[in-house]
Amino acid sequence: MKTVEVFLAENNLVLVEKIAKGWSSYVYLVKGRRGKKFALKVLREKSNRRNMVLRETANLRKANSVGVGPKLIKSDSDADCVLMEFVGGVSFSDWLFSNPSKKELQKFLKSLFVQARKLDKIGLDHGQLAGKGKNILVRNGKPVIIDFEKASSQRKAHNEKVLEAFLYRNPGSAVVEKVKEIIGKK
């Protein structure tokens, strides 16, 4: 089995810092020779999700085919890692509660729903778009949907409906209240 250190060396990459910790993986910020930033998702040793690399790669490739998600650069099953475009941004929730203007939020939501419809059209259900909104990043006012490990082409794709509930209908949700406050409808 190849180590992550070997993968980094083979690809002229330097590990900068850990930027996220999930149940089955860590995500690191890495840099290339010219300083270009990438995100490297690495399977955690204690994880029982041995197929993380294959699933993330296949699902991200499918999402990328319709212009959704961070761009897949490369994956390596031997080193248990997936290299992708680094998305410098903040989580949707953090951005929402920083009080974007009504126009900014409307533009953002329109773009987010376009992406959700694209995923629905190709039959890829993300599966984790609601909750705290941490799988939706905001980069330059635009949405980037991340973390496709648990996405599925086997489930019925309903990304748009999940987002509608998350943003407009979930009773008692701080996100719903904030969206209503900014947009002023529903």
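Presented here is an overview of the structure given in this document. Owing to the predicted nature of the structure, the values given are computational and were not obtained by experimental measurement. (Residues numbered from 1 in each chain as written. Predicted model: local features only at pLDDT ≥ 70, side-chain atom pairs only at ≥ 80, totals over all residues. Heavy atoms only, no water.)

### Some points on the packing of aromatic side chains
On inspection of all chains with the given rule, the structure shows six aromatic pairs. Between the aromatic rings of F92 and W95, the centroid separation amounts to 6.3 Å while the plane-to-plane angle is 40°, which identifies the pairing as tilted. Within this pair, F92 and its partner W95 are both found in helix α3 (residues 92-96), separated by three residues, close to a single helical turn. One aromatic cluster in this structure is built from F92, W95, F108 and F166. (Phe/Tyr/Trp six-rings, centres within 6.5 Å; stacked < 30°, edge-to-face > 60°. Helix = DSSP H or I, 4+ residues; strand = E, 2+ residues; numbered from the N terminus.)

### Digging into the packing of helix α4 (residues 102-121) against helix α5 (residues 159-169)
As a packed pair, α4 and α5 sit with axes 8 Å apart at the nearest point and diverge in direction by 150°. Comparing their axes, α5 and α4 come out roughly antiparallel. Side by side, α4 and α5 meet where L109, L112, F113, A116, R117, L119 and D120 of the first sit next to N159, E160, L163, E164, L167 and Y168 of the second. Looking at side-chain class alone, the contact of α4 with α5 contains eight nonpolar, one polar and four charged residues. (Axes fitted to C-alpha atoms, helices over the stretch in contact; angles between N-to-C directions. Parallel < 35°, antiparallel > 145°, perpendicular 65-115°, else oblique. Contact = heavy atoms within 4.5 Å. Nonpolar A, V, L, I, M, F, W, Y, C, P; charged D, E, K, R; others polar.)

Read these as geometric descriptors, not functional statements.
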